[in-house]
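Analysis of the macromolecular model
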Amino acid sequence: MREPPYRTELKPYGRALVAAARCRGEILCLSGDLTRQTEIDLFQAEFPDRFIHGGMAEANMMGMAGALARCGYLPFVHTFGVFATRRPFDQIANAIAYPNLPVRIIGFMPGVSTPGGPSHQAIDDIALMRALPNMTVVDVADAVETRQVVSAIADVPGPVYVRLKRGEIPVIFDDDHVLRLGRAEVVLAGTDVALFASGMMLAAALAASRVLGEHGVSVSVVNVPVIKPLDSATVLAAAAAVARLVVTAENHSVIGGLGSAVAETIAEAGLGRPLRRIGLRDTFAEGSLDAPFLFERYGLSTAAIVETIWSALGRAGPAPPAPVTAARSGEYSPV
Amino acid sequence: MPATLRVSDPGAAWAVPDPRELALRIRLRAVRMVAPQGSGYLGQALSSAEQVAAVFASARPGVDRIVCSPGHYIIGPFAAAAELGLIDLSGYGQNDSAFEAIGTERSPVVDYTCGSLGQGLSAALGFALADRFRGRDARVFTMVSDGELEEGQVWEAALFAAHHRLDRLVVLLDANNSQVDGPVDSITTLEPIAAKWAAFGWDVWDLDGHDVSALSVALAAAPMRAGQPSVLVCRTSTRHGLDCLPPDADGHFIKLTPELAFAAERELTGKLEALRA
């Protein structure tokens, strides 16, 4: 794995979709009036005949995508995550999830990564999609995983929801990292705390683990790119391997996402471990110019993870500071 | 025909020599389907019987598609398919039957139906787009109810269809002025319905939805103009063709007592015999 500040890439998803579409004529691309923002201007330029402007009409777009999938096409539907899930929830349920059709719903701008206010923040998209039978839910962590996500989900027989960071995508993993659906991965081994992270919170989890390690707390970090179906074997093994504490970190509400999934899994297995969930604490997120401010204010920072673990373990004194690695333009560091 | 087959599947085969007679048989069959439960979506079958008959008479078996947007209307296509020998409806509406009163994914016959209303036209667009991509010459007959026009998704779909010039699409809009809470026009003013669709770029026919000849003519003629989707605004009643229904029968969900079922059976059997005489 690389070290922060991470270099970033532009449009790793858009390039991956085009590459997949060159090999698979059944791939169609639908846009909800956010073509450049969802990186599919690349697809539109190369395959204009397989590109469909749905316009600002998500309900209709999901219904069409379902019928196209019934006819043997592989529709990839693109908009912001918040519009991809809240607005057309009933259409996804009835026209896609219930018939178990291979529609790929790609929702950009997860959680509080946008300064667009609560209307634009997908803080419950994982909870909504996870609740639907047949749905696979993916939240990848970096550009290396994003490059692979299109081919990884292409042959899933049912529907898939993927949430993707918009804009500059950090490169956290080495190039030989392999994204495997249905596999969580212990990326750092530790003995005191198991810290499960998904999506944009992986970078902060890695930074928190480093700080805590320097202060005598050994934290394993588990990357969980697939929230559903959850790799319960890896989750249970990682949780059982540590004696004291399980922590989850997600750029999402603590209700219904990764934290809930991990809690359900360890509780059903009878694995008694104290649990802390890092995420939005049942609140909408207001008042921002930029994402780092929101990550700080709403407890999604490296410092928040460090403090949560420090206090949960009953360590004496204040938590160690979590220095932020400065990032220049074109680089990415977690706050 | 296996119970899972749809009208557009290769191998589907049927013929409708007389759509007027089929409409009558749909009514009689629907009465027999609903009678064991004592209540059901008989009103939907009564208002749409001629539309369903005209669609089955116009659709090319194994090619054209039928979308039944309101799942509550599936009784009509089921009844027609049973009358045409395409399916065996035994067990309809009973526990563990594939034939549920409100259409599901297990519902055979139609290409799409959904009990959550207002979604079928979007599916019809998906079918029309897929057929266009493939160069497949197929029409998509789409049953929509007037109550569904209260759902915004229908209008999203209407805009898309006109913009993309999906002229293989024909909507049969059952304007029966009936929804759960009462007459549609007492709850939401939809009129002028025809003008609304015209303003959205559709070719509009406004006609008596119980005139099966007029429906058949319109279905044969649509689209009048290349590049325009068509809508037949079918003016109907949920009580049409069954005189024994009490005047206060709830068109959305008709109660059919054994006595009423007996009277309906006798009335419709008599009409069928008269038609065949």
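Note that the structure is predicted; figures quoted are calculated from it, not measured.

About the thresholds
- Residues numbered from 1 in each chain as written.
- Chains lettered and ligands numbered in written order.
- Predicted model: local features only at pLDDT ≥ 70, side-chain atom pairs only at ≥ 80, totals over all residues.
- Helix = DSSP H or I, 4+ residues; strand = E, 2+ residues; numbered from the N terminus.
- Rg over C-alpha atoms; globule rule 2.2 N^0.38 Å.
- Buried ≥ 20, exposed ≤ 12 C-beta atoms within 10 Å, placed from the backbone.
- Contact = placed C-beta atoms within 7 Å.
- Nonpolar A, V, L, I, M, F, W, Y, C, P; charged D, E, K, R; others polar.
- Domains from an automatic or database assignment.
- Core = buried A, V, L, I, M, F, W, Y, C linked by C-beta atoms within 7 Å.
- Pairing = 2+ DSSP bridges.
- Right-handed = clockwise from strand over helix to strand, strands pointing away.
- Expected span 1.5 Å × (residues − 1).
- Axes fitted to C-alpha atoms, helices over the stretch in contact; angles between N-to-C directions.
- pLDDT = per-residue confidence, 0-100.

A closer look at the overall build of chain A
- When you go through chain A residue by residue, the secondary structure sums to twelve helices and 15 strands.
- Its C-alpha atoms give chain A a radius of gyration of 19 Å, near enough to 20 Å, the size a compact globule of 335 residues would have.
- Its C-alpha atoms give chain A principal-axis dimensions of roughly 65 × 45 × 40 Å.
- The buried share among the 335 residues of chain A stands at 57%.

A look at the overall build of chain B
- Helix and strand content of chain B: nine helices and eight strands.
- Here the C-alpha radius of gyration of chain B, 17 Å, is about what a compact globule of 277 residues would show, namely 19 Å.
- Its C-alpha atoms give chain B principal-axis dimensions of roughly 50 × 45 × 40 Å.
- Each of the 277 residues in chain B was classed as buried or not, and the buried ones make up 53%.
- Counted over contacts in chain B with a minimum sequence separation of 6, partners at least 24 positions apart contribute 79%.

Considerations on the interface of chain B and chain A
- Between chain B and chain A, the contact holds 16 residues from the first and 17 residues from the second.
- Every element with two or more residues in the side of chain B that touches chain A is listed here: β3 (112–114), α4 (120–134) and α5 (152–163) of chain B.
- When residues in the side of chain B that touches chain A are grouped by element, the largest group, seven residues, is from α4 of chain B.
- Here the residues of the side of chain B that touches chain A sort into nine nonpolar, five polar and two charged.

Side note on helix α5 (residues 89–97) of chain A
- Of the positions making up α5 of chain A, those classed as buried are Q91, I92, N94, A95, I96 and A97 of chain A.
- Residues of α5 of chain A that are buried sit in contact with α3 (58–70) and β5 (104–108) of chain A together with β3 and α4 of chain B.

Notes on the domain arrangement of chain A
Residues and elements named next belong to chain A.
- Domain boundaries assigned for chain A yield domain 1 (9–170) and domain 2 (185–311).
- Between domain 1 and domain 2, the C-alpha centre-to-centre distance is 25 Å.
- Counting residues at the interface gives 25 residues for domain 1 and 30 residues for domain 2.
- For the side of domain 1 that touches domain 2, the secondary structure elements donating two or more residues are α6 (125–130) and β6 (136–139).
- Counting residues per element, the side of domain 1 that touches domain 2 draws most heavily on β6, at four residues.
- Its residues assigned to classes, the side of domain 1 that touches domain 2 shows 13 nonpolar, six polar and six charged.

Observations regarding the nonpolar core
- One finds L195 and A205 of chain A together with A53 and L232 of chain B to be the most contacted residues of the largest nonpolar core, which totals 212 residues.
- Summarising the domain contributions, this core has at least three residues from each of domain 1 (9–170) and domain 2 (185–311) of chain A.
- The residues touching L195 of chain A, leaving out its near neighbours within four places in the chain, are A205, S209, V219, S220, V221, V222, V247 and A249 of chain A.

Quick look at the pairing of β6 of chain A
All names here are of chain A.
- Here β6 shows a buried face lined by T136 and V138 and a second buried face lined by V137 and D139.
- Alignment of β6 against strand β7 (residues 160–164), held across four bridges, turns out to be parallel. Along β7, the bridge assignment pairs D139 with R163.
- This β-α-β element, β6 to helix α7 (residues 143–153) to β7, shows right-handed connectivity.
- Relative to strand β12 (residues 226–228), β6 runs antiparallel, the two being bridged by two bridges. Among the inter-strand pairings, V138 is bridged to a residue of β12, identified as V226.

So, α3 of chain A
Residue and element names in this part refer to chain A.
- The terminal C-alpha atoms of α3, which comprises 13 residues, lie 18 Å apart, in line with the 18 Å expected from a rise of 1.5 Å per residue.
- A large share of α3 lies buried, amounting to twelve of its 13 residues.
- Along α3, the positions that sit buried rather than exposed are E58, A59, N60, M61, M62, G63, M64, A65, G66, A67, L68 and A69.
- Phi for G72, located one or two positions after α3, is positive at around 100°.

Remarks on the sheet that holds strand β7 (residues 230–235) of chain B
All names here are of chain B.
- An order of β3-β2-β4-β5-β7-β6 is seen for the six strands of this open sheet, with the pairing classed as parallel. In this open sheet, the two strands that pair with only one neighbour each are β3 and β6 (203–208). For this sheet the average axis-to-axis angle between neighbouring strands, irrespective of direction, equals 15°.
- Where strand β5 (residues 169–175) and β7 come together, six bridges link them in parallel fashion. Looking at the pairing, L172 lines up with L232 of β7.

Focus: the environment of L215 of chain B
- Secondary-structure assignment places L215 of chain B in helix α8 (residues 212–221).
- Along the backbone, L215 of chain B and W205 of chain B are ten residues apart, and their C-alpha atoms lie at a distance of 9.4 Å.

Points about the confidence of the model for chain B
- Across chain B, the average pLDDT comes to 96, with 99% of residues at or above 70.
- Of the two predicted TM-score estimates for the complex, the pTM is 0.97 and the ipTM is 0.96.

Concerning unusual backbone geometry
- For the peptide bond that leads from P4 of chain A to P5 of chain A, omega is 0°, which places it in the cis range.
- Structurally, P5 of chain A is set in the segment before β1 (6–10).
- Here the amide bond leading from K228 of chain A into P229 of chain A is cis, since omega sits at -5°, within 30 degrees of zero.
- Mapped onto the fold, P229 of chain A is located in the loop between β12 and α9 (232–241).
- Non-glycine residue R165 of chain B carries a positive phi angle of around 55°.
- Assignment of secondary structure puts R165 of chain B in the loop between α5 and β5.
- Given 15 C-beta atoms within a 10 Å radius, R165 of chain B is considered partly exposed.

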